[in-house]
Amino acid sequence: MSTTPAAVPAFQIIKDFLLKEIQAGTWKEGDAVPSEAALAQQFNVSRMTVNRAVRELTSEQILTRIQGSGTYVAQQKYQATLVAIKSIAEEVRARGHEHRSELHELNAVEANDALAEQFQVNVGHSLFHSVIVHFENEVAIQVEDRWVNSALAQDYLAQNFTSKTPNEYLMEVAPLQGVDYSIEAVMPPKLIAEMLHISSKDACLVLHRKTRSQNQIATIVTMWHPGNRYQFTGSF
């Protein structure tokens, strides 16, 4: 017996529209977005429906509302956190150094129980998995082990990750809503040590990060860094 998929709520359609336009660069940080009245007319819905979409995007720090002025694309707050959400290639080039990467794995995987729970999807949901080693001036500085929700990045497997990092691609297709992360010092498994060209007795700094986009878990990534070659910095 088949069931009819539930219709997407009108407020969610408006949220998705606003997110996609921001992602596409139609509106950049600081730009005003259409008024609630204009959106209500465009989508043929009530002001209350539009107001819910805008309120949720404001609480998610995608938009900011200024009393008596309007609603604007918010400034990204993530760049001021301890771990900035940006490409490692960008970091390396900012230091005036050369970045390159080696792709070790890129495939589609059906979510098992553990991954389904982490991504909050059904068992068997299609995920993408990549393992990439990043180099700075020919010195290995990071092993990036990343899982990606296929629903948010359908063309992930078609990307050339020797010329574009996964982060650069994902920031284009999955506007960032939030991030959770933790950092720990860990002895690397043999395979990770080999990729980083270090001894398995050399401690690594390991960043675990989960990102959210469009009200879904977008990525879960573990990044291994040689403890004697890498440090995390930031400002608030």
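It should be noted that the structure appears before, not after, this text.
Just so we're clear, the structure is a prediction, and the values are computed from it rather than from any experiment.

Calculation criteria
- Along every chain, residues carry numbers that run from 1 in the direction the sequence is written.
- Reporting of local features is limited, given that this is a predicted model, to residues whose pLDDT is at least 70; pairs of side-chain atoms are given and counted only at 80 or more, and all residues count toward the totals for whole chains, interfaces and linings.
- Side-chain descriptors were evaluated using all non-hydrogen atoms of the structure, hydrogens and water having been removed beforehand.
- Relative accessibility under 20% of the residue-type maximum defines a buried residue, over 50% an exposed one, and the middle range a partly exposed one, all with a 1.4 Å probe and only protein chains included.
- Here a helix means four or more residues in a row that DSSP labels H or I, a strand means two or more in a row labelled E, and each is numbered from the N terminus.
- Note: two strands are recorded as paired if DSSP finds a minimum of 2 bridges between them.
- In this analysis, axes come from line fits to C-alpha atoms, helices being fitted only over the stretch in contact, and the angle between any two N-to-C directions falls in the range 0 to 180 degrees.
- For this analysis, residues touch if any pair of their heavy atoms sits within 4.5 Å.
- As used in this structure description, the phrase polar contact means that two N or O atoms lie within 3.5 Å; if the pair is within protein, one of them must be able to donate a hydrogen and the other to accept it, and residues adjacent in sequence are counted only when both atoms belong to side chains.
- Buried and open spaces are told apart on a 1 Å grid over the protein atoms alone, a cavity being a set of points where a 1.4 Å probe fits but cannot get out and a pocket being an open set with protein on both sides within 12 Å along at least five of seven lines. Residues with an atom within 4 Å of a point are the lining residues.
- Grid points are joined across faces, edges and corners, and a volume is the space filled by probe spheres set on the points.
- Under the scheme applied here, ten amino acids are nonpolar (Ala, Val, Leu, Ile, Met, Phe, Trp, Tyr, Cys and Pro), four are charged (Asp, Glu, Lys and Arg), and all others, including Gly, are polar.

Observations regarding the pairing of strand β8 (residues 216-226)
Working step 1: In terms of residue burial, β8 counts as a mostly covered element, since ten of its eleven residues are buried.
Working step 2: In the sheet, strand β5 (residues 139-149) pairs with β8 via six bridges, with the strands oriented antiparallel. The residue bridging Asp-145 from the neighbouring strand is Thr-222, located in β8.
Working step 3: Where strand β7 (residues 204-213) and β8 come together, ten bridges link them in antiparallel fashion. If you follow His-208 over to β8, its bridge partner there is Thr-222.
Working step 4: Where β7 folds back onto β8 in an antiparallel hairpin, the turn is made up of two residues, including Gln-214, whose phi is positive at roughly 50°.

As for the sheet that holds strand β4 (residues 126-136)
Working step 1: The strand order β3-β4-β5-β8-β7-β6 describes an open sheet built from six strands, whose pairing is antiparallel. On the outer flanks of this sheet lie β3 (99-110) and β6 (178-186), each paired with one strand and no other. Pairwise comparison of adjacent strand axes, ignoring direction, gives a mean angle of 15° for this sheet.
Working step 2: One ladder, built from ten bridges, connects β4 with β5; its direction is antiparallel. The residue of β5 that forms the bridge with Ser-130 is Arg-146.
Working step 3: Each of β4, β5, β7 and β8 touches helix α6 (residues 166-173); the most contacted strand, β5, lies at about 35° to it.

Section: the side chain of His-134
Working step 1: Positionally, His-134 belongs in strand β4.
Working step 2: Within the structure, His-134 has its side chain in polar contact with the side chain of Glu-144 (distance 2.7 Å).
Working step 3: Beyond its immediate chain neighbours, meaning those up to four positions away, His-134 contacts Ile-88, His-99, Arg-100, Ser-101, Val-139, Ala-140, Ile-141, Gln-142, Glu-144 and Thr-165.

Focus: empty space enclosed by the protein
Working step 1: Inspection of every chain in the model, using the stated rule, returns one cavity of 30 Å³ or more.
Working step 2: In terms of lining, the largest cavity is formed by 13 residues, of which the most central are Leu-170, Met-171, Leu-176, Thr-211 and Thr-219.
Working step 3: Going through the elements one at a time, α6, β7 and β8 are the ones with two or more residues in the lining of the largest cavity.
Working step 4: At four residues, the largest contribution of residues to the lining of the largest cavity is made by β7.
Working step 5: Grouping the amino acids of the lining of the largest cavity by side-chain chemistry returns six nonpolar, four polar and three charged.

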